[in-house]
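Listed below, chain by chain, are the residues.
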Amino acid sequence: MSDNDIETVSKAFIERHGRPPAGVWAAPGRVNLIGEHTDYNDGFVMPYALPQRVTVAAALRPDDTWTVTSLNNSDTQTFGRSDLVPGMSGWQAYVAGVVWALAEAGHRVAGADLVLTSDVPLGAGLSSSAALECATLTALADLNDLDIAPLDRAKLARRCENAFVGAPTGLLDQAASTMCTGDHALFFDCRSFDSEQVPLDLKTAGLEILVLDTKTPHALVDSEYATRRASCEQAAAILGVPALRDVEDLDAALDQLKDEEMRRRVRHVVTENGRVLQAVQTLRAGDFRALAPLLDASHASMRDDFEITVSTVDLAVEAAREAGALGARMTGGGFGGCIIALVEAGSSDRVAAFIGDRFAEAGYHHPEHFVALPSAGAGRVG
Ligand code: GLA
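Residues numbered from 1 in each chain as written. Predicted model: local features only at pLDDT ≥ 70, side-chain atom pairs only at ≥ 80, totals over all residues. Heavy atoms only, no water.

K.L.:
Any chance you could break down the pattern of salt bridges for me, citing the residues and the numbers?
P.N.:
Tallied over the full model, the rule gives 28 salt bridges. For E233, the salt bridge identified is with R229, shortest N-O distance 3.0 Å. Here E233 and its partner R229 are both found in helix α6 (residues 221-239), four residues apart, which amounts to about one turn of the helix. Residues R265 and E261 are paired through a salt bridge, measuring 3.6 Å at the closest nitrogen-oxygen approach. Of this pair, R265 and E261 both sit in helix α8 (residues 260-284), four residues apart, which is roughly one turn of that helix. The class of R265 is buried, set by a relative accessible area of 4%. Taking the relative accessible area as the measure of exposure, E261 reaches 40% and is therefore partly exposed. One network of salt bridges, in which partners are shared, links R19, R61, D63 and D113. (Salt bridge = Lys/Arg side-chain N within 4 Å of Asp/Glu carboxyl O. Helix = DSSP H or I, 4+ residues; strand = E, 2+ residues; numbered from the N terminus. Buried < 20%, exposed > 50% of the residue type's maximum accessible area, 1.4 Å probe, protein only.)

K.L.:
How would you explain unusual backbone geometry if you had to name every residue and give the values?
P.N.:
Even without being a glycine, D145 presents a positive backbone phi close to 55°. Counting through the fold element by element, D145 comes out in the loop between α3 (128-143) and α4 (150-165). Residue classification places D145 among the exposed residues on the basis of a relative accessible area of 69%. Positive phi values are uncommon outside glycine, yet F335 reaches one of about 65°. You can see F335 is positioned in the loop between β9 (327-331) and β10 (338-344).

K.L.:
So what's going on with the site of the ligand? Which residues, and what values?
P.N.:
Close contacts around the ligand come from R30, E36, H37, D39, Y40, T169, G170, L172, D173, Y225 and G333, and that covers them all. Here an oxygen atom of the ligand and a side-chain polar atom of D173 are 2.6 Å apart. Across the complex, the protein chains shield 92% of the 310 Å² of accessible surface that the ligand would expose by itself. Grouping the constituent residues of the shell around the ligand by class yields three nonpolar, four polar and four charged. (Near = heavy atom within 4 Å. Polar contact = N/O pair within 3.5 Å; in protein donor to acceptor, adjacent residues only side chain to side chain. Areas by Shrake-Rupley, 256 points an atom, 1.4 Å probe, with all protein chains shown as cover. Nonpolar A, V, L, I, M, F, W, Y, C, P; charged D, E, K, R; others polar.)

K.L.:
How would you sum up the packing of helix α2 (residues 93-104) against α3? Please name residues and give values.
P.N.:
Running from N to C, α2 and α3 cross one another at 50°; their axes reach a closest spacing of 9 Å. The angle between α2 and α3 places the two elements in the oblique class. Two packed elements cross with a definite hand, and for α2 against α3 that hand is right-handed. Residue-level contacts link Y94, V95, V98, V99 and L102 of α2 to S129, L132, E133, T136, L137 and L140 of α3. Of the residues that constitute the contact of α2 with α3, the class distribution is eight nonpolar, two polar and one charged. (Axes fitted to C-alpha atoms, helices over the stretch in contact; angles between N-to-C directions. Parallel < 35°, antiparallel > 145°, perpendicular 65-115°, else oblique. Left-handed = near helix turned anticlockwise from the far one by under 90°. Contact = heavy atoms within 4.5 Å.)

K.L.:
Pulling in residues and values, what's your account of the sheet that holds strand β8 (residues 207-213)?
P.N.:
The strand order across the open sheet formed by four strands is β9-β10-β8-β11, and the pairing between neighbours is antiparallel. Each end of this open sheet is capped by a strand with a single partner; those strands are β9 and β11 (368-371). In this sheet, adjacent strand axes meet at a mean angle of 25° when their direction is disregarded. Alignment of β8 against β10, held across seven bridges, turns out to be antiparallel. If you follow E208 over to β10, its bridge partner there is V343. Sitting on the sheet, helix α10 (residues 311-322) touches β8, β9 and β10, and the angle it makes with β9 is about 160°. (Pairing = 2+ DSSP bridges.)

Structure, rendered in structure tokens:
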């Protein structure tokens, strides 16, 4: 987000509605440093917020109607209270679903006009939809004087995603968008909801995190995500534990499971939780280079045990390492999207160019990249 986005949505609001907005709010996308597919297993995650965000200018209106204009696709959608029915499709469902979730939780939400823009890459596993939900929620909460803590905002946004849009996700993306702070990663326990802001001063350590979007469409993401989740829940039921978070002795658990695929799924979740706990230790100690082997191990686990990577993503990770990255892994739900690579400060462009060459040789789309600085969570920006 830039000051430009604030100005752009404010101007567009005035042009469209003939009055100034009451304010401007923003909510970021995220990268997950480590802890993939652990959230819905009551486990641990460690995301940080991106500078890319959804920025929304908004004001209340005197009736029970919501209008939302996206400057990205020049589309305006209008809905009333009777349209707030779970199962709505289209981008506006993430806005309508937030109104629905707030109302369902007993909050009084008045009609509003919203004009938004987003620079979070779409469909890249960087939580563009959570950013849209959380930006809407932050704006509507402020406009309606609702006193809702960041964690509860995340839960409401997740409720929108799960029950209104119909995606069975965990709390990772929404918690990252509402709770992250600049220069920190968020260590988050998805069972107790305890959180810790862990300093992530990569610059001082002479490092940076490259995000590279493989531009691979997420073709199977919805069905495969749900299958992975179901497999984890079945395994927990067989093991007699509330969630895979509760598996204390991995070998004993694996002995109890007959299905080879299910054993691999469990091994990923249990070892990934362990890696988040190790990662938080390295960060607390300021030993950022020690993150690298954990990133590598996380990727191998997602590739071999959870089987959520695809060839473009695997090639990007391998090529990143060949080009000198200290460690690299896919980030997000999987089946395409982005990788993150821990690289020496100033080497991101060179590493990305090397990956780009390997992609060209393999006949893949040209990837896009940026250096991801840990940025602020959702809030009022204008
Ligand atoms: C998606 C979901 C999250 C989480 C990740 C995988 O981003 O929305 O809840 O499960 O995948 O870690």
